[in-house]
There are 2 protein chains.
Amino acid sequence: MSDLLPSWNDREAKRAILQFVTNVTTPGDAFIKPADRIAVFDNDGTLWAEQPLPVQFDFIFRALADAAQRDVTLAEQQPYKAVLTQDQSFFEAVGKQQPDAIMALEQALVRTWLGTTPDEFEAEVTKYLSKAKSKRFGVPYTDLIYKPMLEVFDLLAANDFRIFVCSVGGREFMRVIAESAWGIPREHVIGTAPLYEYKEGKIRRGDELLGGLALGPGKVEHIFAYAGRMPAFAGGNADVDIEMLQCSNFAMLVVHDDAEREFAYTKSAERSVMVARENDWTLVSMKNDWNTVFS
Amino acid sequence: MSDLLPSWNDREAKRAILQFVTNVTTPGDAFIKPADRIAVFDNDGTLWAEQPLPVQFDFIFRALADAAQRDVTLAEQQPYKAVLTQDQSFFEAVGKQQPDAIMALEQALVRTWLGTTPDEFEAEVTKYLSKAKSKRFGVPYTDLIYKPMLEVFDLLAANDFRIFVCSVGGREFMRVIAESAWGIPREHVIGTAPLYEYKEGKIRRGDELLGGLALGPGKVEHIFAYAGRMPAFAGGNADVDIEMLQCSNFAMLVVHDDAEREFAYTKSAERSVMVARENDWTLVSMKNDWNTVFS
């Protein structure tokens, strides 16, 4: 069989992925029937670079800053204040799933795009992505998708897996790039999403999120709703992915240890690395396991 | 090309369906790229018989009657009262999308299965379906799926459409039969659904619905969330399907006019037939267009 993971060095992680796929597709105790072959991946830090700031944070921060300029009373409230003063602590609180921070962020997300149609939002995302570039690499963000992960997509798809992406990032933002960047259908993108309202022939964003943030336990709740089952294969890179990885037959955790080719950091992933070791999840060292990083 | 719709008589409806599929798959003005080939079908009355009572109404009514027996204070409230007294008017009010009736039904649905895990609920549905039979035909409900509609599924799938079912009925109930009855993956089933909560390694039904009832405009809202687009092809049979059909490039409406082989009724479909005529939707006469009804 030809090597479907050429960007992966022949080390433990690659062997574990290949072994799992062989096991679940071969008759025996570990066999999983094709209908149940669901694979789910986090996006930021798992499929593309998330430093110094996840792409959607950048997109959202610009919108929040614009809103605070139009309405100065917002500037004193979170998350606008944190954006304007470049105060990381508020967003770290979101990452730690602190209820006050989450509620403030949810309300701001809803307020910012209230009444927007899908076409209007898609146009905004397309415009943003056509201009925005990574500060470090000077290229569009979609050039910073990890080639080894797209190879895992291809390997899984070749073995009758259906590939989903599940991120706390906005579902609608990711759906714009799903087909071109990942080769997956839009409906396989799961994420934080607005509740739409249909009136007079148009759907528009309403004043709530649909099922809250897809973060931590929220990822599992969203995955079950959209994919109809728990995943057989899951990939993540951070503490907010732990629950999703716990629900999967196979779990892989991308470790950012490659300062030269990408970034080296452990922030927001300290707990996930510990849980991975306790549970024998597959740790993927970007530095050692990948001979190529970007597509 | 072999006839993929053998249960359809060679009349206007069959020709319209075949013509649409040819048009959207042939380069030209009407071409739809495969990624956008989404087909959505209502379930009750569109894919299987819904008389004298939709299957899920029967399932729910039994559960509500049980609950009212355990807690007599419920017997005086809706929808329990309507179930116990076999009063159709309450459920007709739901069909007409009256807010009080909808809220009462939503609350009862949530209360009945609060805390239930997906496995527990699936076991309940499987047990129910293994015993329940149609009063008129004396066979399990899954034997009352319309063969001509499954042929439309096959025709569309052969032309790279992805088939979804969207019903006001419970998403979780339908997902149990999705693969065996319709040959579609579970995640292509859209419907009224609980908000799940993930705690301590389990997901359980929470105290809300996820996005309300998939009824009328709610169908469009749910379809956009799960399928990521508006449908290219939609099939329905009732007034609550109008919005979904309006959002589709091609719309077909099943008309129940076959008292001999199925049922003849226009109730809850009066408005949809009018709108179909105004909009040149394809009207499907069960009596005249189908040479076979059940699989």
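Asker: How should I be thinking about the overall build of chain A in this particular structure?
Answerer: Counting its secondary structure elements, chain A contains 12 helices and 8 strands. Against the compact-globule benchmark of 19 Å for 295 residues, chain A has a radius of gyration of 19 Å, which places it among compact chains. With the principal axes as the frame, chain A shows a C-alpha extent of 60 × 45 × 35 Å. Taking the intrachain contacts of chain A between residues at least 6 apart in sequence as the baseline, contacts between residues at least 24 apart amount to 66%.

Asker: Even after reading the chapter, I still don't get the side chain of N159 of chain A, so can you show me in this structure?
Answerer: Residue placement: N159 of chain A occurs in the loop between helix 7 (147–158) and strand 2 (162–170). Looking at N159 of chain A, its side chain comes within polar contact range of the main-chain oxygen of L155 of chain A, at 2.9 Å.

Asker: When you look at the relation of the copies chain B and chain A in this model, what are you seeing that I'm missing?
Answerer: To go from the first copy of the chain to the second, apply a rotation about an axis and then a shift along the same axis. Rotating chain B by 180 degrees about the axis while translating it 0.0 Å along that axis superimposes it on chain A, leaving an RMSD of 0.0 Å. Given the turn and translation reported, the copies of this chain are related as if by a two-fold rotation axis.

Asker: What exactly am I supposed to notice about the interface of chain B and chain A here?
Answerer: Between chain B and chain A, the residue contacts involve 34 residues of the former and 34 residues of the latter. For the chain B and chain A pair, buried surface summed over both sides reaches about 2500 Å², with 61% attributable to carbon and sulfur atoms. The tally of links from chain B across to chain A stands at 6 salt bridges. Across the pair R229 of chain B and E187 of chain A runs a salt bridge whose closest N-O atoms are separated by 3.3 Å. Where chain B packs against chain A, one counts 13 residue pairs in polar contact (both at pLDDT 80 or more). Among the elements of the structure, strand 2 (162–170), helix 8 (171–182), strand 4 (194–199), helix 9 (217–227) and helix 10 (242–246) of chain B are those that each provide at least two residues to the side of chain B that touches chain A.

Asker: Whenever I open this one, unusual backbone geometry confuses me. Can you help?
Answerer: With the exception of glycine, the majority of residues adopt a negative phi angle, and the majority of peptide bonds are in the trans configuration. For the bond from Q78 of chain A to P79 of chain A, the omega torsion is 0 degrees, close enough to zero to count as cis. Mapping P79 of chain A onto the fold places it in the loop between helix 2 (55–70) and helix 3 (80–84). The backbone of D280 of chain A shows a phi angle near 55 degrees, a positive value even though the residue is not glycine. By relative accessible area, which is 70% here, D280 of chain A ends up exposed. Backbone geometry at Q86 of chain B places phi at a positive 50 degrees, although glycine is not the residue there. Residue position: Q86 of chain B is located in the loop between helix 3 (80–84) and helix 4 (88–95). Q86 of chain B gets classed as exposed once you look at its relative accessible area, which sits at 71%.

Asker: Looking at this structure, how should I read helix 6 (residues 118–131) of chain B?
Answerer: Helical geometry: 3.6 residues make up each α-helical turn, so side chains three or four residues apart lie on a common side. The end-to-end C-alpha distance of helix 6 of chain B is 20 Å, a good match for the 20 Å that 14 residues give at a rise of 1.5 Å each. Considered for burial, the residues of helix 6 of chain B that qualify are P118, F121, V125, Y128 and L129 of chain B. One side of helix 6 of chain B carries all its buried residues, which in axial view fall inside an arc of 95 degrees. Across helix 6 of chain B from its buried face, at more than 90 degrees, point the exposed residues D119, K127, S130 and K131 of chain B. On its buried face, helix 6 of chain B is in contact with helix 9 (217–227) of chain A together with helix 2 (55–70), helix 8, strand 4 and strand 5 (202–209) of chain B.

Asker: Honestly, helix 2 of chain A in this entry has me stumped. Any pointers?
Answerer: Residue and element names in this part refer to chain A. Helix length check: helix 2, at 16 residues, gives a terminal C-alpha distance of 23 Å against a target of 22 Å (1.5 Å per residue), a fit within 8%. Among the residues making up helix 2, those that are buried are V55, Q56, D58, F59, I60, F61, A63, L64, A67 and A68. Looking at the packing, one finds that the buried side of helix 2 touches helix 3, helix 4 (88–95), helix 5 (99–112), helix 6 (118–131), strand 2 and helix 8 (171–182).

Asker: How should the environment of F137 of chain A be read in this particular structure?
Answerer: Residue and element names in this part refer to chain A. Within the secondary structure, F137 sits in the loop between helix 6 and helix 7. Look at F137 and you get partly exposed, because its relative accessible area is 26%. For F137, the contacting residues outside a window of four places in its chain are L144, R261, E262, F263 and F294.

Asker: Explain the sheet that holds strand 8 (residues 282–285) of chain A here, please?
Answerer: Residue and element names in this part refer to chain A. With respect to topology, 6 strands assemble into an open sheet ordered 3-2-1-6-7-8, the strand pairing being parallel. The sheet is open, and its two edges are formed by strand 3 (189–192) and strand 8, each paired on a single side. Direction aside, neighbouring strands of the sheet carry axes that sit 20 degrees apart on average. Alignment of strand 7 (residues 250–255) against strand 8, held across 4 bridges, turns out to be parallel. Bridged to M252 within strand 8 is T282. Of the strands in this sheet, strand 1 (38–41), strand 2 and strand 3 touch helix 9, which is tilted by about 135 degrees from strand 2.

Asker: Honestly, the pattern of salt bridges in this entry has me stumped. Any pointers?
Answerer: When their charged atoms lie close together, side chains carrying opposite charge are able to pair. Counted according to the given criterion, the structure contains 33 salt bridges over all chains. One salt bridge in this structure joins E172 of chain A and R171 of chain A, with 2.8 Å as the shortest N-O distance. With respect to class, E172 of chain A is no different from R171 of chain A; both count as buried. When the shortest N-O distance is used, the salt bridge between D3 of chain B and K14 of chain B registers 2.8 Å. Of this pair, D3 of chain B sits in the segment before helix 1 (12–25) while K14 of chain B sits in helix 1; the two residues are 11 residues apart in sequence, bridging distant segments of the chain.

Asker: When you look at the sheet that holds strand 3 (residues 189–192) of chain B in this model, what are you seeing that I'm missing?
Answerer: One key point about sheets: their strands pair by backbone hydrogen bonds, in either a parallel or an antiparallel sense. All names here are of chain B. Read across the sheet, 6 strands follow the order 3-2-1-6-7-8 without closing on themselves; strand pairing throughout is parallel. Every interior strand has two partners, whereas the edge strands, strand 3 and strand 8 (282–285), have only one. Here the average twist between neighbouring strands, direction ignored, is 20 degrees. Bridging between strand 6 (residues 233–236) and strand 7 (residues 250–255) involves 4 bridges; their strand directions are parallel. In the strand pairing of strand 7, A234 is matched with A251.

Asker: I'm lost on the packing of aromatic side chains in this one. Help?
Answerer: The geometry of an aromatic ring pair is captured by the separation of the ring centres together with the interplanar angle, meaning the angle of the planes. Within this structure, the stated rule accounts for 44 aromatic pairs over all chains. Ring centres of W8 of chain B and W290 of chain B lie 5.8 Å apart, and the angle between their planes is 70 degrees; on these two criteria the pair is classed as edge-to-face. Taken together, the residues W8 of chain B in the segment before helix 1 and W290 of chain B in the segment after helix 12 (286–289) connect sequence positions 282 residues apart. Judged by relative accessible area, W8 of chain B falls into the buried class, the value being 2%. The exposure class of W290 of chain B is buried, given its relative accessible area of 1%. Taken together, the aromatic side chains of W8, F137, Y146, F263, W290 and F294 of chain A make up a single cluster linked through ring pairs. If you follow R205 of chain A out to its NZ or CZ, it ends over the ring of F121 of chain A, 4.1 Å from the centre.

Asker: Help me out: how do you make sense of a negative patch on the surface in this one?
Answerer: Among the surface-exposed residues, E197, D207 and E208 of chain A together with E197, D207 and E208 of chain B lie close enough to one another that they form a single negatively charged patch. Listed by contribution, the elements that provide at least two residues to the negative patch are strand 5 (202–209) of chain A together with strand 5 of chain B. The residue D207 of chain A is located in strand 5 in this model.

Basis of the calculations
- Residues numbered from 1 in each chain as written.
- Chains lettered and ligands numbered in written order.
- Predicted model: local features only at pLDDT ≥ 70, side-chain atom pairs only at ≥ 80, totals over all residues.
- Heavy atoms only, no water.
- Helix = DSSP H or I, 4+ residues; strand = E, 2+ residues; numbered from the N terminus.
- Rg over C-alpha atoms; globule rule 2.2 N^0.38 Å.
- Contact = heavy atoms within 4.5 Å.
- Polar contact = N/O pair within 3.5 Å; in protein donor to acceptor, adjacent residues only side chain to side chain.
- Least-squares fit on C-alpha atoms with pLDDT ≥ 70 in both.
- Buried area = accessible area lost by both parts, 1.4 Å probe.
- Salt bridge = Lys/Arg side-chain N within 4 Å of Asp/Glu carboxyl O.
- Buried < 20%, exposed > 50% of the residue type's maximum accessible area, 1.4 Å probe, protein only.
- Expected span 1.5 Å × (residues − 1).
- Arc of directions from axis to C-beta.
- Pairing = 2+ DSSP bridges.
- Axes fitted to C-alpha atoms, helices over the stretch in contact; angles between N-to-C directions.
- Phe/Tyr/Trp six-rings, centres within 6.5 Å; stacked < 30°, edge-to-face > 60°.
- Lys NZ or Arg CZ within 6 Å of the ring centre and 35° of its normal.
- Patch = residues over 30% accessible without salt bridge, like charges linked within 9 Å, V, L, I, M, F, W, Y side chains within 5 Å.
- Areas by Shrake-Rupley, 256 points an atom, 1.4 Å probe, with all protein chains shown as cover.
- Lys, Arg positive; Asp, Glu negative; His and termini not counted.
- Charge placed at Lys NZ, Arg CZ, Asp CG, Glu CD.

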